[in-house]
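Summary of the model geometry
Single-letter residue listing:
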Amino acid sequence: VLSAPKDIEGTLATVTVSNKDPTWGSLDNSVRDNKGGTGGGTTFNMANAGNVLSSDDVYASYTGDASITGDSRSGYLYAGGYDFSAVPLAAIITGIQVDIEMKESSAAGDMLRGEVALLIDGTKVGVVQTDETELGTVDAYITFGGSTSRWGASLTGEDIQTLTVRYQGIQKVSTTTAGTCTIDHIRVSVT
């Protein structure tokens with residue numbers, strides 16, 4: 001007896017919807033943590049979240065603190081409103097790639113690439129992708145996930161209609177200079 005291949009993964013065509021831009025950005029600085037630094041009220045606060053909608057050299061940002069006593073985290077930066085209407089609601093999502101265009105102001109600032117999480121209907125799903133490589137001082141896209149990365153979640157086309165990307169920056173404790181991390185654009189591709 002032969003079974004029909006309907007809905008069996010690997011028997012269907014694969015389609016990638018590439019480089020979708022967000023339509024909104026927001027932030028939450030209640031989660032920032034300067035690990036004992038003396039920066040005061042705004043150190044590690046994320047600012048200008050609406051500036052991540054396109055690659056236009058207008059930035060969201062946060063500034064570090066040279067006096068921190070432990071690896072520190074910025075506030076959250078959210079990007080959402082991605083148009084995945086071309087993805088069938090019943091589709092099996094086999095990969096999500098998040099590209100964040102960013103840089104740091106000073107090579108001595110020890111600002112790291114950071115952490116990215118996916119939210120569906122405002123709730124975090126799957127695993128957090130972390131990259132503790134120091135940022136460069138020239139704008140470049142940093143990739144989290146990829147065309148075969150499911151982020152530890154089983155998602156469908158219906159799920160990703162409400163996809164939001166959450167970014168959090170990291171500064172290493174070894175710094176003696178307070179750098180600034182600037183984020184220009186957050187785009188998403190889905191397979």
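So, here's what we can say about the structure. Source: prediction; values computed, not measured.

A word on the overall build of the chain
In terms of regular secondary structure, the chain is built from zero helices and 10 strands. Going residue by residue from the N terminus, the α and β elements of the chain occur as β-β-β-β-β-β-β-β-β-β. Relative to its full complement of 191 residues, the chain shows a buried share of 44%. Put simply, of all contacts in the chain between residues at least 6 apart along the chain, 82% involve residues at least 24 apart. If you sum the accessible surface of the chain, you get close to 8,700 Å²; carbon and sulfur atoms cover 50% of it.

Some points on the sheet that holds strand β7 (residues 123–134)
Across the sheet, five strands lie side by side as β2-β4-β9-β6-β7; this open sheet has antiparallel pairing. Where the open sheet ends on each side, the last strands, each with one partner, are β2 (24–28) and β7. Strand-to-strand, the axes of this sheet are offset by a mean angle of 20°, without reference to chain direction. Of the pairings in the sheet, the one linking strand β4 (residues 72–80) to strand β9 (residues 163–171) comprises seven bridges and is antiparallel in character. Looking at the pairing, Tyr-78 lines up with Arg-166 of β9.

Examining the pairing of strand β10 (residues 180–190)
Summarising burial for β10: nine of the 11 residues are buried, a large majority. The pairing of strand β1 (residues 17–20) with β10 spans two bridges and is antiparallel. Across the sheet, Val-17 pairs through a bridge with Val-190, a residue of β10. Pairing between strand β3 (residues 60–63) and β10: four bridges, direction antiparallel. Looking across to β10, one finds that Ala-60 is bridged to Ile-183. Looking at chain direction, strand β5 (residues 96–104) and β10 are connected through nine bridges and run antiparallel. The residue of β10 that forms the bridge with Glu-101 is His-185.

Reading guide: rules and limits
- Residues numbered from 1 in each chain as written.
- Predicted model: local features only at pLDDT ≥ 70, side-chain atom pairs only at ≥ 80, totals over all residues.
- Heavy atoms only, no water.
- Helix = DSSP H or I, 4+ residues; strand = E, 2+ residues; numbered from the N terminus.
- Buried < 20%, exposed > 50% of the residue type's maximum accessible area, 1.4 Å probe, protein only.
- Contact = heavy atoms within 4.5 Å.
- Areas by Shrake-Rupley, 256 points an atom, 1.4 Å probe, with all protein chains shown as cover.
- Pairing = 2+ DSSP bridges.
- Axes fitted to C-alpha atoms, helices over the stretch in contact; angles between N-to-C directions.

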